[in-house]
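Below, each chain spelled out in residue letters.
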Amino acid sequence: MIAVILSFSDDPARLELRPRHRELLGGLHERGLLVAAGPFEDQSGALLVFDTDDEAEVDAALAEDPYYAAPGVTIVSRKRWGIVTGGVRG
């Protein structure tokens, strides 16, 4: 799995892109590539968990969505992540 952490600034420009962004996330989830995604409760950023170890596949998914290049959105980190115990509830 690959976890991607985003940071959001106060720039509201990203909000125009959010409805389409959420549609694209839904498509990635339906394809089985995206396990879970959502903003942090304080709206400072978001977490995306991809069910792949293929960095190129994650790169392609991120490149397809203009949200990630919007003012106010920064990709802070992308790291391989594994579940040791428990799971992700949907």
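Draft legend 1. Main features of the nonpolar core. Counting 18 residues, the largest nonpolar core has Val4, Leu6, Leu48, Phe50 and Tyr68 as its most contacted members. Residue assignment for this core shows that the elements contributing at least two residues are β1 (2–8), α1 (14–30), β3 (45–50) and α2 (55–64). Tallying contributions element by element places β1 first for this core, with four residues. Those residues in contact with Val4 that lie beyond four places of it in its chain are Ala46, Leu47, Leu48, Phe50, Val58, Ile75, Ser77 and Arg78.

Draft legend 2. Highlighting the pattern of salt bridges. All told, the structure shown has four salt bridges when counted by the stated rule. For Glu23, the salt bridge goes to Arg20, with nearest N and O atoms at 3.0 Å. Residue Glu23 and its partner Arg20 are located together in helix α1, separated by three residues, close to a single helical turn. Note that Asp59 and Arg78 form a salt bridge whose closest N and O atoms lie 2.2 Å from each other. Pair noted here: Asp59 is in helix α2 and Arg78 is in strand β4 (residues 73–80), with a separation of 19 residues, a long-range link. Looking at Arg78, the relative accessible area reads 33%, which means it is partly exposed. Within this structure, Glu55, Asp59 and Arg78 form a network of salt bridges that share partners.

Draft legend 3. Geometry of the packing of aromatic side chains. Across all of its chains, the model carries two aromatic pairs by this definition. A centroid spacing of 6.1 Å and a plane angle of 85° characterise the contact between Tyr67 and Tyr68, whose relative ring orientation is edge-to-face. Tyr68 shares its class with Tyr67; the two are buried. The lysine or arginine in question, Arg14, covers the ring of Phe8, its NZ or CZ lying 3.9 Å from the ring centre.

Draft legend 4. Structural view of α2. Inspection of α2 places Val58, Ala61 and Leu62 among the buried residues, and these make up the whole buried set. Buried residues of α2, seen end-on, are gathered within an arc of 95° and therefore sit on one face of the element. Summarising the geometry of α2, the exposed residues directed more than 90 degrees from the buried face are Ala56 and Ala63. Here the buried face of α2 lies against β1, α1, β3 and β4. At the N-terminal boundary of α2, the capping side chain belongs to Asp54, with an oxygen 2.9 Å from the backbone nitrogen of Ala56.

Draft legend 5. Molecular detail of α1. The terminal C-alpha atoms of α1, which comprises 17 residues, lie 24 Å apart, in line with the 24 Å expected from a rise of 1.5 Å per residue. Helix geometry: α1 is bent most strongly at Arg20, by close to 35°. Looking at α1, one finds that the buried residues are Arg14, His21, Leu24, Leu25 and Leu28. Structurally, α1 contributes buried residues whose contacts are with β1, β2 (34–39), β3, α2 and β4. Phi turns positive one or two residues past the end of α1, at Gly32, with a value near 90°.

Parameters at a glance
By convention here, each chain's residues receive numbers from 1 onward along its written sequence. Given that the model is predicted, a residue must reach a pLDDT of at least 70 before its local features are reported, and side-chain atom pairs must reach 80 or more before they are shown or counted; all residues, however, enter totals for whole chains, interfaces and linings. Based on all heavy atoms of the structure, the side-chain values leave hydrogens and waters out of the count. Only buried Ala, Val, Leu, Ile, Met, Phe, Trp, Tyr and Cys residues count toward a nonpolar core, and they belong to the same one when joined by side-chain atoms within 4.5 Å. Three exposure classes are used, based on accessible area relative to the maximum for each residue type with a 1.4 Å probe and protein chains only: buried under 20%, partly exposed in between, and exposed over 50%. Where helices and strands are cited, they refer to DSSP runs of H or I of at least four residues and of E of at least two residues respectively, numbered from the N terminus. In what follows, a contact means two residues having at least one pair of non-hydrogen atoms within 4.5 Å. The term salt bridge refers to a side-chain nitrogen of Lys or Arg lying within 4 Å of a carboxyl oxygen of Asp or Glu. Note on ring pairs: Phe, Tyr and Trp rings are taken, using the six-membered ring of Trp, and paired if centres are within 6.5 Å. Classes follow the plane angle, with under 30 degrees stacked, over 60 edge-to-face and the rest tilted. Over a ring means this: the NZ of a Lys or the CZ of an Arg is within 6 Å of the ring centre and within 35 degrees of the ring normal. To be clear, the arc concerns the directions from the helix axis to the C-beta atoms. Residues adjacent in sequence count toward polar contacts only when both atoms are side-chain atoms; beyond that, a polar contact is any pair of N or O atoms within 3.5 Å, and within protein one must be able to donate a hydrogen and the other to accept it. Take the residue count of a helix, subtract one, and multiply by 1.5 Å to get its expected span. Think of it this way: the bend at a residue is just the angle between two axes, each fitted to seven residues, one set ending at that residue and the other starting at it.

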